[in-house]
Amino acid sequence: MIWIYKSFFPVVWITFLIYWRIKAADTKSTQRLEPAVSGILRALTVLVAIILLSTTWIPLPWLYRPVWRAGFWPFWLGAALTVAGLLFAVWAREHLGRNWSSQVSIKQDHELITTGPYAVVRHPIYTGILAGFLGLAIALSEVRGFVVFVLFFLVFWAKLSKEEEWMRSQFGETYAKYVHRTAALVPYLF
């Protein structure tokens, strides 16, 4: 049973990343792309997250301090939230289709998608991935899990701010109306 606890999250996240990489091959041509430095900063954040989550040798004992007692319920609650979040991100990725990009960009013949998960929140991929990291943090039950969650929240907030700016310039009043009726990350709240 211990092997489930040790392998569940790596298997789920690796499966998600493999799917994501495969889907990245089928997108529209890019018309406008953010500077490379933004992508490099996001890659460094991913590296920091991997180090924080996969090692216990970092000489900052507070990172490993329990937030609550680890056990059956935090693990499975976190596992369920992670799987639900990543499935929500997959649904959004499928619904977005060829308009998707790993970087902030405007595609050739870019379409404004406002249906499916995009009718629930404007950035459902970020919502789903953040839910996945929150689930991981709950299951891990240590401060470092929440540090990773906050790091990704900050990275996604910076990225979505730039995306919103570009979508406003691309779609004008149509996007402004969409923003007015649809929350950015958390339905009806935020």
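Residues numbered from 1 in each chain as written. Predicted model: local features only at pLDDT ≥ 70, side-chain atom pairs only at ≥ 80, totals over all residues. Heavy atoms only, no water.

1. Digging into the confidence of the model for the chain
The cut-off we apply is this: The predictor attaches a confidence to each residue, and that confidence, scored 0 to 100, is pLDDT. To qualify as a helix, a DSSP run of H or I must reach at least 4 residues; to qualify as a strand, a run of E must reach at least 2; elements of each kind are numbered from the N terminus.
Mean pLDDT over the chain works out to 92, with 99% of the residues at or above the 70 mark. The secondary structure element of the chain with the lowest average pLDDT is strand S1 (residues 30-33), at 73, and the one with the highest is helix H4 (residues 124-140), at 98.

2. Focus: the pattern of salt bridges
Heads up, the condition is: For salt bridges, the criterion is a side-chain nitrogen of Lys or Arg within 4 Å of an Asp or Glu carboxyl oxygen. Throughout, exposure labels follow a simple rule: accessible area from a 1.4 Å probe, protein chains only, divided by the maximum for the residue type, with under 20% read as buried, over 50% as exposed, and the rest as partly exposed.
Evaluation of the coordinates by the stated rule reveals 5 salt bridges. Salt-bridge contacts for Glu142 lead to Arg144; the nearest nitrogen and oxygen are separated by 2.6 Å. The same class applies to Glu142 and to Arg144, which are both buried.

3. Re the side chain of Thr82
Formally: A contact between two residues is defined here by any heavy atoms of the two lying within 4.5 Å.
Within the element layout of this structure, Thr82 appears in helix H3 (residues 72-96). Not counting residues within four places of it along the chain, the set of residues in contact with Thr82 comprises Phe9, Val12, Trp13, Ala131, Gly132, Gly135 and Leu136.

4. Observations regarding the packing of aromatic side chains
Formally: To pair, rings of Phe, Tyr and Trp, with the six-membered ring standing in for Trp, must have centres within 6.5 Å; the planes then decide the type, stacked if under 30 degrees apart, edge-to-face if over 60, and tilted in the middle.
Using the criterion set out here, one finds 20 aromatic pairs in the structure. When the ring of Phe9 is compared with that of Phe75, the centres are 5.5 Å apart and the planes differ by 80°; the resulting orientation is edge-to-face. Taken together, the positions of Phe9 in helix H1 (residues 2-23) and Phe75 in helix H3 put the pair 66 residues apart, joining distant regions of the chain. Neither residue differs from the other here; Phe9 and Phe75 are each classed as buried. Pairing Phe153 with Trp157 gives two aromatic rings, centres 6.0 Å apart and planes at 20°, and the pair type is stacked. A residue pair is termed a helical-turn pair when its members lie 3 or 4 positions apart in one helix, as Phe153 and Trp157 do in helix H5 (residues 143-181) at 4 residues. The exposure class of Trp157 is partly exposed, given its relative accessible area of 34%. An aromatic cluster is present here, built from Trp13, Phe16, Tyr19, Trp20, Trp100, Tyr126, Phe133, Phe152 and Phe156 joined pairwise through their rings.

5. Comments concerning the packing of H1 against H4
The relative placement of two packed helices is expressed as an angle between their axes plus a distance between the axes. This is how it is decided: Convention adopted: a line fitted to C-alpha atoms gives each axis, helices being fitted over their contacting stretch, and angles between N-to-C directions are expressed from 0 to 180 degrees. For this classification, under 35 degrees means roughly parallel, over 145 means roughly antiparallel, 65 to 115 means roughly perpendicular, and everything else is oblique. Handedness of each helix crossing follows the sense of rotation of the near helix against the far helix: counterclockwise by less than a right angle gives left-handed, clockwise gives right-handed.
Interaxial distance between H1 and H4 falls to 12 Å at its minimum, and their mutual angle equals 165°. In terms of orientation, H1 and H4 fall into the roughly antiparallel class. In the packing of H1 onto H4, the handedness of the crossing is left-handed. Here Phe9, Trp13, Phe16 and Trp20 of H1 come into contact with H4, specifically with Ile125, Ile129, Gly132, Phe133, Gly135, Leu136 and Ala139.

6. A short note on the environment of Trp100
The topology assignment puts Trp100 in the loop between H3 and strand S2 (105-107). Beyond its immediate stretch of four places on either side in the chain, Trp100 contacts Trp20, Ala24, Thr27, Arg93, Lys107 and Ile125.

7. So, a nonpolar patch on the surface
Condition: A patch consists of residues exposed above 30% relative accessible area that lack any salt bridge, with like charges linked at up to 9 Å and nonpolar side chains (Val, Leu, Ile, Met, Phe, Trp, Tyr) linked at up to 5 Å. Using the Shrake-Rupley algorithm and a 1.4 Å probe, accessible areas are obtained, with residue cover drawn only from the displayed protein chains.
Taken together, the side chains of Val37, Ile40, Leu41, Leu44, Leu47, Ile51 and Trp57 define a hydrophobic patch exposed on the protein surface, amounting to about 710 Å² of accessible area. Here Trp57 lies in the loop between helix H2 (36-54) and H3.

8. What to know about the packing of H2 against H5
Our working rule: The residue classification treats Ala, Val, Leu, Ile, Met, Phe, Trp, Tyr, Cys and Pro as nonpolar and Asp, Glu, Lys and Arg as charged. All others, Gly included, are polar.
In the contact formed by H2 and H5, the axes pass within 9 Å of each other and the chain directions differ by 170°. By the angle between their directions, the pair H2 and H5 is classed as roughly antiparallel. Contacts from Arg42, Thr45, Val46, Val48, Ala49, Leu52, Leu53 and Ser54 in H2 reach Arg144, Gly145, Val147, Val148, Leu151, Phe152, Val155 and Lys159 in H5. Here the residues of the contact of H2 with H5 sort into 10 nonpolar, 3 polar and 3 charged.

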